[in-house]
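Take a look at the letters that make up each chain.
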Amino acid sequence: MPDPLSDLQLATLRALCDTAVPAVDREDDPDGFWRRRSTDIGVDQALLVALDLMPAEQRAGLRQLLDVLADQGLADASQPSREQILTNLSLASREAAAGIGGLVAMTLFFAYCLPDETGRNPAWTTFGYPGPISPAPDVPKPITPLVPDGDTTLEADVVVVGSGAGGGLIAGRLATAGRKAPSPGRAARCRRPRTRPRPGRGGWRRPCASRRPETPGRAYLRRPAGTC
């Protein structure tokens, strides 16, 4: 279990989240979109979970970044001063820029995608996105991932490294042709809920329920059914 962040690091992380998605006073705000800060919907807590799942080296680097931002007084600064602190530090250090960019990107992702207790993100109303109409169906999957527990020997005609859009397609075509084609990858299966079509945009919106591996850092081996 990783060591928890200090109170100052937590305050700095919350300040960074609310710098990326601040509260803005606007009269035309029927859904509360503009006055809603990222921490109002628990983005800082989601970031803590994400930090715990990171490799130790990355986690240590981000903790060091939070310490530097704390020394700059980010937690107690005004919104314009916070933005200037992040800009100055990003210009001064490539590593700091990468860390700040990563934290900001995760903040934006969680702020507009993290569901509440009703299963919806409060920003979806403003966006006009209806969201999934049901959880991902709990049905047997045609592909069963193989998770090796240790040294494993597999016989294969072709090994397709990576089971994404390209690798999965290639492995599937090879399996259809009768070839043994395991496809090692690091991500867990993406379970997709059923969704409504978005009016006026065409096509189907299909948000991914989860891409996080059940066991962080473990290599997963996906294979087409009936092979290996």
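Residues numbered from 1 in each chain as written. Predicted model: local features only at pLDDT ≥ 70, side-chain atom pairs only at ≥ 80, totals over all residues. Heavy atoms only, no water.

Trainee: Help me understand the overall build of the protein, please; the structure alone is not making it clear to me.
Mentor: Secondary structure summary: the protein contains 7 helices and 2 strands in total. Helices and strands in the protein line up, N terminus first, as α-α-α-α-α-α-α-β-β. Here the protein holds 228 residues, and the buried ones make up 31% of them. When contacts within the protein are restricted to residue pairs at least 6 apart in sequence, long-range pairs at least 24 apart make up 62% of them. For the protein, the accessible surface area stands at approximately 14300 Å², while carbon and sulfur atoms represent 53% of it. (Helix = DSSP H or I, 4+ residues; strand = E, 2+ residues; numbered from the N terminus. Buried < 20%, exposed > 50% of the residue type's maximum accessible area, 1.4 Å probe, protein only. Contact = heavy atoms within 4.5 Å. Areas by Shrake-Rupley, 256 points an atom, 1.4 Å probe, with all protein chains shown as cover.)

Trainee: Can you walk me through the environment of Pro130 in this structure?
Mentor: Within the secondary structure, Pro130 sits in the loop between helix H6 (123-127) and helix H7 (165-176). We classify Pro130 as partly exposed; its relative accessible area is 22%. Considering only alpha carbons, one finds Pro130 and Arg120, 10 residues apart in sequence, at a separation of 8.6 Å.

Trainee: Hey, could you run me through helix H3 (residues 56-71) in this one?
Mentor: The α-helix advances 3.6 residues per turn, and as a result positions three or four apart in sequence lie on the same side. With 16 residues, H3 should cover 22 Å at 1.5 Å per step; its first-to-last C-alpha distance of 23 Å lies within 8% of that length. Every buried residue of H3 is accounted for by Arg59, Leu62, Leu65, Leu66, Leu69 and Ala70. One face of H3 carries all of its buried residues, which in axial projection span an arc of 140 degrees. Of the exposed residues in H3, those oriented more than 90 degrees away from the buried face are Ala56, Glu57, Gln64 and Asp71. Buried-residue contacts for H3 involve helix H1 (7-20), helix H2 (43-52), helix H4 (79-92) and helix H5 (94-113). Taken from the residues just after H3, Gly73 is the one with a positive phi, measuring 75 degrees. (Expected span 1.5 Å × (residues − 1). Arc of directions from axis to C-beta.)

Trainee: In this structure, what is going on with the pattern of salt bridges? I would like to understand it.
Mentor: Any two side chains of opposite charge can pair, on the condition that their charged atoms come close. Counted according to the given criterion, the structure contains 3 salt bridges. Among the ionic pairs, Asp28 bridges to Arg26, the shortest N-O distance being 2.8 Å. Overall, the relative accessible area of 47% leaves Asp28 in the partly exposed class. For Asp40, the salt bridge is made with Arg37, and the minimal N-O distance between the two is 3.2 Å. Residue Asp40 is classed as partly exposed on the basis of its relative accessible area of 43%. (Salt bridge = Lys/Arg side-chain N within 4 Å of Asp/Glu carboxyl O.)

Trainee: I would appreciate a short explanation of the packing of H4 against H5 in the present structure.
Mentor: Two measures define how a pair of helices packs: the angle their axes make with one another and the distance between the axes. Packing of H4 against H5 leaves a shortest axis separation of 5 Å and a crossing angle of 135 degrees. Between H4 and H5, the crossing angle belongs to the class labelled oblique. Taken together, the residues of H5 that come into contact with H4 (itself represented by Leu86, Leu89, Ser90 and Ala92) are Arg94, Ala96, Ala97 and Ile100. In the contact of H4 with H5, the residues fall into 6 nonpolar, 1 polar and 1 charged. (Axes fitted to C-alpha atoms, helices over the stretch in contact; angles between N-to-C directions. Parallel < 35°, antiparallel > 145°, perpendicular 65-115°, else oblique. Nonpolar A, V, L, I, M, F, W, Y, C, P; charged D, E, K, R; others polar.)

Trainee: Just to check I follow, could you spell out the packing of aromatic side chains for this structure?
Mentor: Taken as a whole and judged by the stated rule, the model has 6 aromatic pairs. A connected cluster of aromatic rings, assembled from ring pairs, spans Phe33, Trp34, Tyr112 and Phe127. (Phe/Tyr/Trp six-rings, centres within 6.5 Å; stacked < 30°, edge-to-face > 60°.)

Trainee: Would you mind showing me how to read the nonpolar core here?
Mentor: Grouped burial of nonpolar side chains is what soluble globular proteins tend to show. Judged by nonpolar contacts, the single largest core of 28 residues is most densely connected at Leu13, Leu65, Leu69, Leu74, Leu103, Met106 and Phe110. Those elements that provide at least two residues to this core are H1, H2, H3, H4 and H5. Leu13 has contacts with Leu5, Asp44, Leu47, Leu48, Leu51, Leu66 and Leu103, leaving out every residue within four places of it along the chain. (Core = buried A, V, L, I, M, F, W, Y, C linked by side-chain atoms within 4.5 Å.)

Trainee: Which parts of the structure should I look at to understand the side chain of Asp44?
Mentor: Inspection of the secondary structure puts Asp44 in helix H2. In this structure Asp44 is buried but unpaired, with Arg14 as the nearest side chain of opposite charge at 4.5 Å. (Lys, Arg positive; Asp, Glu negative; His and termini not counted.)

Trainee: I would appreciate a short explanation of the packing of H1 against H3 in the present structure.
Mentor: At a minimum axis distance of 9 Å, the contact between H1 and H3 shows a crossing angle of 85 degrees. Compared by their axis directions, H1 and H3 come out roughly perpendicular. Side by side, H1 and H3 meet where Leu8, Gln9, Thr12, Leu13 and Leu16 of the first sit next to Arg63, Leu66, Asp67, Leu69 and Ala70 of the second. Grouping the amino acids of the contact of H1 with H3 by side-chain chemistry returns 6 nonpolar, 2 polar and 2 charged.

Trainee: Sorry if this is basic, but what is going on with the environment of Arg26 here?
Mentor: Along the polypeptide, Arg26 turns up in the loop between H1 and H2. Since its relative accessible area comes to 36%, Arg26 is described here as partly exposed. At 2.8 Å, the side chain of Arg26 and the side chain of Asp28 are in polar contact. (Polar contact = N/O pair within 3.5 Å; in protein donor to acceptor, adjacent residues only side chain to side chain.)

Just geometry here; none of it tells us what the structure is for.
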